[in-house]
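Remarks on the overall topology
Read off the chains here:
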Amino acid sequence: QVQLVETGGGLVQAGGSLRLSCAASGRTFSREAMGWFRQAPGKEREFVAGISGSSVTKNYADSVKGRFTISRDNAKNTMYLQMNSLKPEDTAAYYCAVRVGIRVVTTMTEYAYWGQGTQVTVSS
C-alpha cells in the first residue's frame, strides 16, 4: 500500500523559511514525476512545483518562482520543498503527489497518489 507523508509545515513570519518533506513508502518512485500542490481555505487546490524522476526537469508556479525549490532523493524515496521569503498568501495546506508517469505536469487529476497534507501558515 502506497503512503505519502508530508512533514515540515508550521507557523512562520513573513520573510521566513520552511522545508517540507514528503516520504513515500510501499513502493519505490524513482522514475515517476512528483509534485507539490497547495490549497488555501475557500480556494481550489493548485500546482506549486513538480520534479521529474531524474530531477532534470523542475517546474514551478509563477507565484513561487525564485522563492521555492523542489528536490528529491530517490535513495530515500523522499521529495522536498524548500520555501524561502514566505508571504502570507503562501498560507495553505500543502500536499505532495506522485504521477504514474514520468513527465512533470500541473494537472491535479494526473497524479495518482496523494499525501494527507501539512499546514503552512505565514503571519504578516
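Please refer to the structure placed before this passage.
Residues numbered from 1 in each chain as written. Predicted model: local features only at pLDDT ≥ 70, side-chain atom pairs only at ≥ 80, totals over all residues. Heavy atoms only, no water.

**Things to note about the overall build of the protein chain**
Using the following cut-off: Starting at the N terminus, helices and strands are each numbered in turn, a helix being any DSSP run of H or I of at least four residues and a strand any DSSP run of E of at least two. C-alpha atoms define the radius of gyration in this analysis, and the globule rule sets the expected value at 2.2 Å times the number of residues to the power 0.38. Working definition: with a 1.4 Å probe on protein chains only, accessible area under 20% of the residue-type maximum means buried, over 50% means exposed, and in between means partly exposed. Residues are treated as being in contact if the distance between any of their heavy atoms lies within 4.5 Å. Accessible surface is estimated by sampling points in the Shrake-Rupley manner with a 1.4 Å probe; for residues, cover comes only from the protein chains shown. We treat Lys and Arg as the positive residues and Asp and Glu as the negative residues; His and chain ends play no part in the count. In plain terms, the charge of a residue is placed at NZ if it is Lys, CZ if Arg, CG if Asp and CD if Glu.
When helices and strands are tallied, the protein chain shows zero helices and eleven strands. The helix and strand sequence of the protein chain, counted from the amino end, reads β-β-β-β-β-β-β-β-β-β-β. Radius of gyration (C-alpha) of the protein chain: 13 Å, near the 14 Å computed for a compact globule of 124 residues. For the protein chain, the spread of C-alpha atoms along the three principal axes comes to 40 × 25 × 25 Å. Looking at the protein chain as a whole, 45% of its 124 residues qualify as buried. Partitioning the contacts of the protein chain with sequence separation of at least 6, the portion at a separation of at least 24 is 58%. As presented, the protein chain carries roughly 6,300 Å² of accessible surface, and 46% of it is formed by carbon and sulfur atoms. A gap of 5 Å separates the mean positions of the 14 positive and 9 negative side-chain charges of the protein chain.

**A short note on the environment of Ser63**
Inclusion rule: Two N or O atoms form a polar contact when they lie within 3.5 Å of each other; inside protein one atom must be a possible hydrogen donor and the other a possible acceptor, and for residues adjacent in sequence the pair counts only when both atoms belong to side chains.
In this fold, Ser63 is placed in the loop between β6 (58–60) and β7 (68–73). C-alpha separation for the pair Ser63 and Glu89, spaced 26 residues apart in sequence, amounts to 9.6 Å. A distance of 3.4 Å separates the side chain of Ser63 from the side chain of Arg38, its partner in a polar contact.

**Side note on the side chain of Ser21**
Here Ser21 is to be found in strand β3 (residues 18–25). When sequence neighbours within four positions are dropped, the list of residues in contact with Ser21 reads Val5, Glu6, Thr7, Trp36, Thr78, Met79 and Tyr80.

**Focus: the environment of Tyr95**
In this structure, Tyr95 sits in strand β9 (residues 92–99). Sequence separation between Tyr95 and Glu6 is 89 residues; the distance between their C-alpha atoms is 7.1 Å. The residues contacting Tyr95, other than those within four sequence positions of it, are Glu6, Gly35, Trp36, Phe37, Gln39, Arg45, Trp114, Gly115, Gln116 and Gly117.

**Considerations on the state of the cysteines**
Rule in force here: Cysteine sulfur atoms that pair up within 2.5 Å are treated as a disulfide.
Enumeration over the complete set of coordinates arrives at one disulfide. Between the sulfur atoms of Cys22 and its disulfide mate Cys96 the distance is 2.1 Å. With the S-S dihedral at roughly 60°, the linkage between Cys22 and Cys96 falls on the right-handed side. You can see Cys22 sitting in strand β3 and its partner Cys96 sitting in strand β9, a full 74 residues away along the chain. Exposure class is identical for Cys22 and Cys96. Each is buried.

**Re unusual backbone geometry**
Non-glycine residue Ser55 carries a positive phi angle of around 70°. A positive phi angle, near 50°, is found at Ser85, a position not held by glycine. The topology assignment puts Ser85 in the loop between β8 (78–83) and β9.

The analysis is restricted to geometry; functional conclusions fall outside its scope.
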